[in-house]
Amino acid sequence: MYQTTTIIGYLGSDPEMRYTPSGVPVTSFGVAVNRKWTDKDGETQERTTWFRVTAWRKLAETCAQHLRKGRLVMVEGDIDASAWTGQDGKPRATLELTAKTVKFLSPKEESEG
């Protein structure tokens, strides 16, 4: 069996890189995926879904070096969903994607060379 998830969206903030205690680089960033459609009444609807993306090793270093808030990116990887009840008693959920491939879709900025 095989499963992969592909998303295309915009970074909501600059990536954050850190290292595990054993020295393995890991980078995390949020990606907003927007979807627009027209409902049965002809009204335009829009929904934004946020994904928390984690990249490991060399991919983590590359993402930390080249990605910035607002950049368009395509991420392929394995997805995991978590649900819990917040301190306010309301249900919460998150979608986490462990990246296997990250493609930078925004054009390079001049300062990047």
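Residues numbered from 1 in each chain as written. Predicted model: local features only at pLDDT ≥ 70, side-chain atom pairs only at ≥ 80, totals over all residues. Heavy atoms only, no water.

1. A look at the nonpolar core
Point 1. Ranked by size, the top nonpolar core spans 17 residues in total, and within it Ile 7, Phe 29, Val 31, Val 53, Val 75 and Val 102 carry the most contacts.
Point 2. If sequence neighbours within four positions are ignored, Val 102 has contacts with Leu 59, Cys 63, Leu 67, Val 73, Met 74 and Val 75. (Core = buried A, V, L, I, M, F, W, Y, C linked by side-chain atoms within 4.5 Å. Buried < 20%, exposed > 50% of the residue type's maximum accessible area, 1.4 Å probe, protein only. Contact = heavy atoms within 4.5 Å.)

2. Some points on the pairing of strand S6 (residues 91-104)
Point 1. Two strands pair when backbone bridges link them, and strand S4 (residues 44-56) and S6 are joined in this way by 4 bridges, in the parallel orientation. Its bridge partner lying in S6, Arg 52 is registered against Glu 96.
Point 2. The sheet contact formed by strand S5 (residues 72-85) and S6 spans 13 bridges and is antiparallel. Across the sheet, Val 75 pairs through a bridge with Val 102, a residue of S6.
Point 3. Two successive antiparallel strands, S5 and S6, enclose a turn made up of 5 residues, where Gly 89 displays a positive phi of approximately 85 degrees. (Pairing = 2+ DSSP bridges. Helix = DSSP H or I, 4+ residues; strand = E, 2+ residues; numbered from the N terminus.)

3. Thoughts on the confidence of the model for the protein chain
Point 1. Per-residue confidence for the protein chain gives a mean pLDDT of 91; residues scoring 70 or more make up 94%.
Point 2. Across the protein chain, the secondary-structure element scoring lowest on mean pLDDT is S6, at 91, and the one scoring highest is strand S2 (residues 16-19), at 97. (pLDDT = per-residue confidence, 0-100.)

4. Structural notes on the environment of Lys 69
Point 1. As for its placement among the helices and strands, Lys 69 is situated in the loop between helix H1 (57-66) and S5.
Point 2. Note on Lys 69: relative accessible area 59%, which makes it exposed.
Point 3. The spatial distance from the C-alpha of Lys 69 to the C-alpha of Tyr 10 is 7.6 Å, given a sequence separation of 59 residues.

5. Structural notes on unusual backbone geometry
Trans is the common state for peptide bonds, and a negative phi is the common state for residues other than glycine.
Point 1. With a phi angle near 55 degrees, Arg 57 is a residue other than glycine that sits in the positive phi range.
Point 2. With respect to the helices, strands and loops of the structure, Arg 57 is situated in helix H1.
Point 3. A residue is classified by how much of its surface remains accessible, and Arg 57, at 52% relative accessible area, is exposed.

6. Topic: the pairing of S4
Point 1. Two elements, strand S3 (residues 25-38) and S4, share 13 bridges in a ladder whose sense is antiparallel. Across the sheet, residue Arg 35 finds its bridge partner in S4, namely Arg 47.
Point 2. What sits between the antiparallel neighbours S3 and S4 is a turn of 5 residues, in which Gly 42 has the positive phi angle 85 degrees.

7. Looking at the side chain of Thr 5
Point 1. Tracing the chain through its elements places Thr 5 in strand S1 (residues 5-11).
Point 2. Look at Thr 5 and you get buried, because its relative accessible area is 17%.

8. Observations concerning the environment of Thr 48
Point 1. With respect to the secondary-structure elements, Thr 48 resides in strand S4.
Point 2. Thr 48 gets classed as partly exposed once you look at its relative accessible area, which sits at 37%.
Point 3. In this structure the C-alpha to C-alpha distance between Thr 48 and Asn 34, which are 14 residues apart in sequence, comes to 4.5 Å.
Point 4. Filtering out sequence-adjacent residues up to four positions away, Thr 48 remains in contact with Ala 32, Val 33 and Asn 34.

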